[in-house]
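# Descriptive structure summary
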Amino acid sequence: MKRRISVEDIDSIHLYGRRDGNLRLLRDSFDVQVTARGGEIILEGDEDTVDKVETVIDQMASLVRRGRTVRREDVLYAVRMVKENRLGELADLYSGAARLAGLKRPVEPKTIGQKQYVEAMETNDIVVSIGPAGTGKTYLAVAMAVAALRLKTVERIVLVRPAVEAGESLGYLPGDYQEKIAPYLRPLYDALRDMMDPERVKRLTEIGTIEVIPLAYMRGRTLNDAFVILDEAQNSTMPQMKMFLTRLGFNSRAVITGDITQIDLANREMSGLVRVQDVLSDIDGIEFVYLGENDVVRHRLVREIVKAFERYASIKGATDGEGE
């Protein structure tokens, strides 16, 4: 069957992709003919397949109407959702994902898991986000913190990381202690500068409105009116996790992020992020959000890499179990 979809009301380049790359991706994903002519897209194939492709195009067009350029990753995510019969969730994502206000450039969740994560941060004082690399754990937390600062719901941002050696010796690095730990804090500065002008970040850091510090420096402090983020929390011990959580004062919020598959501690069971899931699971006002390979929003190969490592870990675990 043949179906025509009108897209005259939007700039086609933002929907079709460079050299119609997004349309070619749809054609290859569904084995359907996809042709662009003027202000319409023509689909040819069996009815069920055409229905699915039309659904993806409708959702992608809604992104363009909201000011977004459709990327290859957006199309791939929509294709996966449609093939998994999760149309309702996909429509909810693109119709209800509000942009975070007060940022240098618009930031919004790009997957169902990310949307749940943002909603959790909006409604809970403490959120623990666990997931693999590339799922936006740190980026969205920093975006929420900057938005809260701009909207004056908090007075400062405190970004924290454990300075764990991750297989490298700090002692062999040049400089004093501050210079040695600087590389561990760099990802947090990078996220900040993606959402605020660098000069503003520098100025707010100098006056203490924004702090980027090692976890050890949190001891003995009480933080009021603050948005506090503990990043790479899988490398915190249980005593450190308790110390961090008990720093919260009045009108403060905390987000804890980490990947429990990348623990650099000598003993995995020492990880505060692993154990805190049992300790805090029943407390009202604390929400755990688990992101997965479907929430990876980096290069498409990152998702495949995450899947490959998960398969390897499950096979190795099964093999290890057989040998006991």
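Residues numbered from 1 in each chain as written. Predicted model: local features only at pLDDT ≥ 70, side-chain atom pairs only at ≥ 80, totals over all residues. Heavy atoms only, no water.

### A closer look at the nonpolar core
By size, the foremost hydrophobic cluster in this structure holds 36 residues, and its most contacted members are Tyr117, Met121 and Leu192. Breaking this core down by element, the ones donating at least two residues are helix H6 (112-123), helix H7 (137-150), strand S5 (156-161), helix H8 (177-195), helix H9 (198-206), strand S6 (210-214) and strand S7 (226-230). Here the element with the most residues in this core is H7; it accounts for nine residues. Look past the residues within four positions of methionine 121 in its chain and what remains in contact with it is Val127, Leu140, Ala141, Met144, Arg253 and Val255. (Core = buried A, V, L, I, M, F, W, Y, C linked by side-chain atoms within 4.5 Å. Buried < 20%, exposed > 50% of the residue type's maximum accessible area, 1.4 Å probe, protein only. Helix = DSSP H or I, 4+ residues; strand = E, 2+ residues; numbered from the N terminus. Contact = heavy atoms within 4.5 Å.)

### Points about the pairing of strand S1 (residues 2-6)
Side-chain alternation along S1 places Arg3 and Ile5 on a buried face and Lys2, Arg4 and Ser6 on a face that remains uncovered. Here S1 runs beside strand S3 (residues 40-44); their pairing, made up of five bridges, is antiparallel. Residue pairing in the sheet places arginine 4 in a bridge with isoleucine 42 of S3. (Pairing = 2+ DSSP bridges.)

### Examining the pattern of salt bridges
Applying the stated criterion to the full structure yields 15 salt bridges. In this structure, the salt-bridge partner of aspartate 231 is arginine 161, at a minimum N-O distance of 2.8 Å. With a gap of 70 residues between them, aspartate 231 in the loop between S7 and helix H10 (238-245) and arginine 161 in strand S5 connect regions that are remote in the sequence. The buried category is assigned to aspartate 231, whose relative accessible area is 2%. (Salt bridge = Lys/Arg side-chain N within 4 Å of Asp/Glu carboxyl O.)

### Description of empty space enclosed by the protein
This model, assessed by the stated rule, comprises one cavity of 30 Å³ or more. Its boundaries defined by the atoms lining it, the largest cavity holds a volume of some 50 Å³. If you go around the largest cavity, the residues you meet are Leu15, Asn22, Leu23, Leu26, Ile41, Ile57, Met60 and Val75. For the lining of the largest cavity, the secondary structure elements donating two or more residues are helix H2 (21-30) and helix H3 (47-65). It is H2 that contributes the most residues to the lining of the largest cavity, three residues altogether. (1 Å grid on protein atoms, 1.4 Å probe; cavity = no way out; pocket = protein on both sides within 12 Å on 5 of 7 lines; lining within 4 Å. Points joined across faces, edges and corners; volume = space filled by probe spheres on them.)

### A short note on the side chain of arginine 68
By secondary structure assignment, the location of arginine 68 is in the loop between H3 and helix H4 (72-83). The class for arginine 68 is buried, based on a relative accessible area of 12%. A polar side-chain atom of arginine 68 sits 2.7 Å from a polar atom in the side chain of glutamate 108. (Polar contact = N/O pair within 3.5 Å; in protein donor to acceptor, adjacent residues only side chain to side chain.)

### Focus on the sheet that holds strand S8 (residues 253-258)
In spatial order, the strands read S6-S5-S7-S8-S4-S9; together these six strands make up an open sheet with parallel pairing. Each edge of the sheet is formed by a strand with only one pairing partner; in this case those strands are S6 and strand S9 (286-290). Geometrically, the sheet is characterised by an average inter-axis angle of 15° between neighbouring strands, direction not taken into account. (Axes fitted to C-alpha atoms, helices over the stretch in contact; angles between N-to-C directions.)

### A short note on the sheet that holds strand S2 (residues 33-37)
If you walk across this open sheet you meet the three strands as S1-S3-S2, and the pairing is antiparallel. The sheet is open, and its two edges are formed by S1 and S2, each paired on a single side. Here the average twist between neighbouring strands, direction ignored, is 20°. Examined bridge by bridge, S2 and S3 share five bridges and lie antiparallel to one another. Within S3, the residue paired with arginine 37 across the bridge is glutamate 40. The strands touched by H3 within the sheet are S1 and S3, with S1 carrying the most contacts at an inclination of about 10°.

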